[in-house]
Each structure stands twice: as structure tokens, then as C-alpha cells.
Amino acid sequence: MFQDVIKKGKDSEYFDYFVIRGDRPCKNPLNYEVFAGCDYMPKWNTSNPAVQDYLIAIALYYIQEYDIDG
């Protein structure tokens, strides 16, 4: 999804899935939020309901398929 945002900028359907200041992500200067200070791990915009649904679907998959509950 982030690669699509890199390619298309604000025209990407996933642009609002991440926290980006500007029209397209840039590493220098860094204009998007990241996890653990790593520019290769963009931070999800967890206030976006579509992101919430996506992450919950991933969790449900592992719970249902592999009986992971922790």
C-alpha cells in the first residue's frame, strides 16, 4: 500500500492510510510518521476506519486460521 502512495502520492487510494505531511512521502526531509524511527516502516493512520478494518481483518485471520489468541 505504501509503495502505491510513493508512486501516486495523493492520488493513491491508500494515501490516508498513513500520516504524511505533504502531497507525497519523502525521506529527505522525512515528511511522514514512522515506527521506531525507521523510514522503511511508515506508521499506519489508525484513526482511519479503513485501516482499523484492515488491521482487525489480519488479526481475525490469524485467530481463526491458527488459533492464536495472545
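Refer to the structure presented above.
Residues numbered from 1 in each chain as written. Predicted model: local features only at pLDDT ≥ 70, side-chain atom pairs only at ≥ 80, totals over all residues. Heavy atoms only, no water.

1. Quick word on the environment of alanine 36
Put simply, the rule is: Counting from the N terminus, the helices are DSSP H or I runs at least four residues long and the strands are E runs at least two residues long.
Positionally, alanine 36 belongs in the loop between strand S1 (34-35) and strand S2 (38-42). Along the backbone, alanine 36 and aspartate 16 are 20 residues apart, and their C-alpha atoms lie at a distance of 20 Å.

2. A closer look at the packing of aromatic side chains
Filter applied, for reference: Centre distance within 6.5 Å is the pairing criterion for rings of Phe, Tyr and Trp, where only the six-membered ring of Trp is used; planes under 30 degrees apart are then read as stacked, over 60 as edge-to-face, and the remainder as tilted. Exposure is judged per residue with a 1.4 Å probe applied to protein chains only, and the accessible area is read against the type maximum: over 50% gives exposed, under 20% gives buried, and values in between give partly exposed.
The tally for this structure, following the rule as stated, stands at eight aromatic pairs. Aromatic side chains tyrosine 14 and tyrosine 17 sit 5.2 Å apart centroid to centroid with 80° between the ring planes, which places their arrangement in the edge-to-face category. Centroid distance tryptophan 44 to tyrosine 54: 5.6 Å. Interplanar angle 45°. Geometry classified as tilted. Taken together, the residues tryptophan 44 in the loop between S2 and helix H2 (49-66) and tyrosine 54 in helix H2 connect sequence positions 10 residues apart. Exposure remark for tryptophan 44: the relative accessible area of 28% places this residue in the partly exposed category. Given a relative accessible area of 33%, tyrosine 54 falls into the partly exposed group. Through a chain of ring-to-ring contacts, the aromatic side chains of Phe2, Phe18, Tyr32, Trp44 and Tyr54 assemble into a single cluster.

3. Structural notes on the environment of asparagine 31
The following threshold applies: Only heavy atoms matter for contacts: two residues are in contact if any of them lie within 4.5 Å across the pair.
On the secondary structure map, asparagine 31 appears in the loop between helix H1 (2-8) and S1. Take asparagine 31: its relative accessible area is 13%, and that puts it in the buried class. On a C-alpha basis, the gap between asparagine 31 and valine 5 in space is 13 Å, while along the polypeptide they are 26 residues apart. Dropping the residues within four chain positions of it, asparagine 31 is found in contact with Val19, Ile20, Arg21, Gly22, Arg24, Pro25 and Cys26.

4. Description of the pattern of salt bridges
Two side chains that carry opposite charge are able to pair once their charged atoms sit near each other. Counted only if it meets this: What counts as a salt bridge is simple: a side-chain nitrogen of Lys or Arg found within 4 Å of a carboxyl oxygen of Asp or Glu.
Evaluated as defined, the whole model comprises four salt bridges. Lysine 8 is paired through a salt bridge with aspartate 4; the nearest N and O atoms lie 3.2 Å apart. Taken together, the residues lysine 8 and aspartate 4, both in helix H1 and four residues apart, mark about one turn of the helix. The class for lysine 8 is partly exposed, based on a relative accessible area of 38%. Here aspartate 4 falls in the buried class, since its relative accessible area comes to 19%. A salt bridge links lysine 27 to aspartate 39; the nearest nitrogen and oxygen atoms lie 3.9 Å apart. Pair noted here: lysine 27 is in the loop between H1 and S1 and aspartate 39 is in strand S2, with a separation of 12 residues, a long-range link.

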